[in-house]
Amino acid sequence: MEEIPVKVAVRIRPLLCKEVLHNHQVCVRVIPNTQQIIIGRDRVFTFDFVFGKNSTQDEVYNTCIKPLVLSLIEGYNATVFAYGQTGSGKTYTIGGGHVASVVEGQKGIIPRAIQEIFQNISENPSIDFNIKVSYIEVYKEDLRDLLELETSVKDLHIREDEKGNTGCAVWDATSVWSDERC
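Residues numbered from 1 in each chain as written. Predicted model: local features only at pLDDT ≥ 70, side-chain atom pairs only at ≥ 80, totals over all residues. Heavy atoms only, no water.

On to the UniProt feature "binding site: ATP" (unreviewed entry) in the protein chain. Taken from the UniProt record, the annotation "binding site: ATP" (unreviewed entry) applies to Gly84, Gln85, Thr86, Gly87, Ser88, Gly89, Lys90 and Thr91. Accessibility expressed as a relative area gives 26% for Lys90, which makes it partly exposed. When residues no more than four places from it in sequence are discounted, the contact partners of Lys90 are Ala82, Tyr83, Gly84 and Gln85. Among the polar contacts made by the side chain of Lys90, one reaches the main-chain carbonyl oxygen of Gln85 at a distance of 3.0 Å. Position of Thr91 among the secondary structure elements: in helix H3 (residues 90-95). (UniProt positions renumbered as here; feature names shortened; annotations may be inferred. Buried < 20%, exposed > 50% of the residue type's maximum accessible area, 1.4 Å probe, protein only. Contact = heavy atoms within 4.5 Å. Polar contact = N/O pair within 3.5 Å; in protein donor to acceptor, adjacent residues only side chain to side chain. Helix = DSSP H or I, 4+ residues; strand = E, 2+ residues; numbered from the N terminus.)

This part is about the sheet that holds strand S3 (residues 36-39). Pairing in this open sheet of three strands is antiparallel, and the strands run S2-S3-S4 from one edge to the other. Looking at strand neighbours, the two that pair on one side only are strand S2 (28-31) and strand S4 (43-46), the edges of this open sheet. Direction aside, the axes of adjacent strands within the sheet are offset by 30° on average. Here S2 runs beside S3; their pairing, made up of four bridges, is antiparallel. In the sheet register, Val28 faces S3, and the bridge partner there is Ile39. (Pairing = 2+ DSSP bridges. Axes fitted to C-alpha atoms, helices over the stretch in contact; angles between N-to-C directions.)

Let us now look at the nonpolar core. Core analysis: the largest hydrophobic core is formed by 14 residues, its most contacted members being Tyr61, Ile65, Val69, Ile117 and Ile121. Broken down by secondary-structure element, the contributors of at least two residues to this core are helix H2 (57-73) and helix H4 (109-123). Looking at this core element by element, the count peaks at six residues for H2. (Core = buried A, V, L, I, M, F, W, Y, C linked by side-chain atoms within 4.5 Å.)

With that out of the way, let us pick up the pattern of salt bridges. Counted under the stated rule, the structure contains three salt bridges. The residue Arg112 makes a salt bridge to Asp58 at a minimum N-O spacing of 3.1 Å. Here Arg112, found in helix H4, pairs with Asp58, found in helix H2; they are 54 residues apart in sequence, far enough to count as distant. In this structure, the salt-bridge partner of Glu116 is Lys66, at a minimum N-O distance of 3.3 Å. Here Lys66 lies in helix H2 and Glu116 lies in helix H4, a separation of 50 residues in the sequence. With relative accessibility at 14%, the residue Glu116 sits in the buried group. On the accessibility criterion, Lys66 (30% relative accessible area) is partly exposed. (Salt bridge = Lys/Arg side-chain N within 4 Å of Asp/Glu carboxyl O.)

Mapped onto the secondary structure, Pro14 falls in the loop between strand S1 (9-11) and helix H1 (17-21). It is 10.0 Å that separates the C-alpha atoms of Pro14 and Val28, two residues lying 14 residues apart in sequence. If we skip the residues at most four places from it in the chain, Pro14 touches Glu19 and Lys53.

Here you go:
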């Protein structure tokens, strides 16, 4: 497999109805045919991927996440990190809203990845798969384990691993895994 370095994507959401009603203005523009955006009048930023306000969930998934899912099937690890201020569209991009009621085209990264992973598992019955998932929210300086119903009783911290590696690990996070044939 080709080594996949860290890639950064930006997705610009359209103004919400309440923002339009309050005459808010769009402050981020995509420079056509580039991977750049302009914030304000002249601040230009370059990313690996840029998705404008009319981008679809499918477009974001197929461009950014599908290659990671395919590498997962080959046995590699992958991490998706959504970053942005409150109200910037992270939850919509990651989940698509209320998962139980999301229409197919609005499904976010997580439901699409789960569907594709388990589809691949069912198509490869001779291969043993072991899946382990964590879902962590970092808000301000607090960590929330989104797979743990009683997060408030769990004290999560970011630390170096036990070998002193420079990378960080979140210890004591809930992990959900399956090594059963699906």
